[in-house]
Amino acid sequence: MRRLGLEAIDLLQLHRVDPAVPLEDQVGELKDLQDEGKIVAIGLSQVTVGQIERARRIADIATVQNRYNVADRGSAGVLDYCTRHGIGFIPWAPVAAGRLARPGGPVDHIAATHGSTPSAAALSWLLHSSDVVLPIPGTSKVAHLEENLAASRLRLSDAELAELDAAA
C-alpha cells in the first residue's frame, strides 16, 4: 500500500475461492484486514449464491464479479440475489455476445436500429438488467472508451430487451 500511496484499498476482490481453504477462513482474513483499516470493502469473484451467503455471515460483501453477458446467463441467479440484497454485480466479459452479435443476429439488429455497435447494445442490455450492474469492459483505445460510454445513453425498448432476453 505504501508503494501505491494508499492508506487503504477501496475494494479488494477475492478473485477465486481456493478450494483447499475454507471460504470462511478466506473471508475472515479479508474481514481482519478491513477491521485493521487496510481495506474498505470486500468483494467476491466467480461465486455461487451459497458462497455469497456463507461469506455474508462473516463480513459485508460489497460486490460480486461473475461472468455474465447477453449470451451467457449462467450467473443469472447470482445477479438476482445481488439485486435483492443491494450487492454490486460486476459482470466480466460484459460485451461478449457471440453468435447473437453476428450480422443479422439480434444484438446486431438492435444495434443497427439505434445506429450503434453490437458492443454498445450488449452493454446497454446489461445496464438495463439491474440497478446493481457495474460493467467494466476492457478498453485499449479511445474509440473503445467512447463506444462503451455510448452504451449508457442507449435506451432499449421493452420489446428490444425482451428480444435479447429470449435470444440467449
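See above for the structure.
For clarity, every value in this text was computed on a predicted model and none was experimentally measured.

### Topic: the overall build of the protein chain
Looking only at helices and strands, one finds seven helices and four strands in the protein chain. Helices (α) and strands (β) of the protein chain occur, in sequence order from the N terminus, as β-α-β-α-β-α-β-α-α-α-α. Its C-alpha atoms give the protein chain principal-axis dimensions of roughly 50 × 35 × 25 Å. Expressed as a percentage of its 168 residues, the buried residues of the protein chain come to 38%. For the protein chain, long-range pairs separated by at least 24 residues make up 68% of all intrachain contacts whose partners lie at least 6 apart in sequence. In the structure as shown, the protein chain presents an accessible area of about 9200 Å², 52% of it carried by carbon and sulfur atoms. Between the mean site of the 16 positive side-chain charges and the mean site of the 21 negative ones, the protein chain shows a separation of 4 Å.

### Regarding the packing of aromatic side chains
Evaluation of the coordinates by the stated rule reveals two aromatic pairs. Where Tyr-68 meets Phe-89, the ring centres are 5.8 Å apart and the plane angle is 90°; that geometry is what we call edge-to-face. Highlighted residues: Tyr-68 in the loop between β3 (63-65) and α3 (76-85) and Phe-89 in strand β4 (residues 88-89), separated in sequence by 21 residues. For Tyr-68, a relative accessible area of 6% translates into the label buried. Ring-pair connections join several aromatic residues into one group, and the members of that group are Tyr-68, Phe-89 and Trp-125.

### A look at the nonpolar core
One finds Leu-44, Ile-52, Val-64, Val-70, Cys-82, Phe-89 and Trp-125 to be the most contacted residues of the largest nonpolar core, which totals 39 residues. For this core, the elements supplying multiple residues, two or more each, are α1 (23-35), β2 (39-45), α2 (49-56), α3, α4 (106-113), α5 (118-129) and α7 (158-167). Counting residues per element, this core draws most heavily on α5, which supplies six residues. Beyond its immediate stretch of four places on either side in the chain, Phe-89 contacts Val-64, Asn-66, Tyr-68, Ser-75, Val-78, Leu-79, Cys-82, Val-132, Val-133 and Leu-134.

### Description of the environment of Asp-165
Along the polypeptide, Asp-165 turns up in helix α7. Considering only alpha carbons, one finds Asp-165 and Ser-129, 36 residues apart in sequence, at a separation of 9.5 Å.

### Let's talk about the packing of α1 against α2
Between α1 and α2, the least distance of the axes is 9 Å, while the angle of their chain directions is 50°. What the angle tells us is that α1 and α2 run oblique. Crossing handedness for the pair α1 and α2: right-handed. Contacts from Leu-23, Glu-24 and Val-27 of α1 reach α2 at Gln-51, Arg-54 and Ala-55. Taken together, the residues of the contact of α1 with α2 sort by class into three nonpolar, one polar and two charged.

Cut-offs applied
- Residues numbered from 1 in each chain as written.
- Predicted model: local features only at pLDDT ≥ 70, side-chain atom pairs only at ≥ 80, totals over all residues.
- Heavy atoms only, no water.
- Helix = DSSP H or I, 4+ residues; strand = E, 2+ residues; numbered from the N terminus.
- Buried < 20%, exposed > 50% of the residue type's maximum accessible area, 1.4 Å probe, protein only.
- Contact = heavy atoms within 4.5 Å.
- Areas by Shrake-Rupley, 256 points an atom, 1.4 Å probe, with all protein chains shown as cover.
- Lys, Arg positive; Asp, Glu negative; His and termini not counted.
- Charge placed at Lys NZ, Arg CZ, Asp CG, Glu CD.
- Phe/Tyr/Trp six-rings, centres within 6.5 Å; stacked < 30°, edge-to-face > 60°.
- Core = buried A, V, L, I, M, F, W, Y, C linked by side-chain atoms within 4.5 Å.
- Axes fitted to C-alpha atoms, helices over the stretch in contact; angles between N-to-C directions.
- Parallel < 35°, antiparallel > 145°, perpendicular 65-115°, else oblique.
- Left-handed = near helix turned anticlockwise from the far one by under 90°.
- Nonpolar A, V, L, I, M, F, W, Y, C, P; charged D, E, K, R; others polar.

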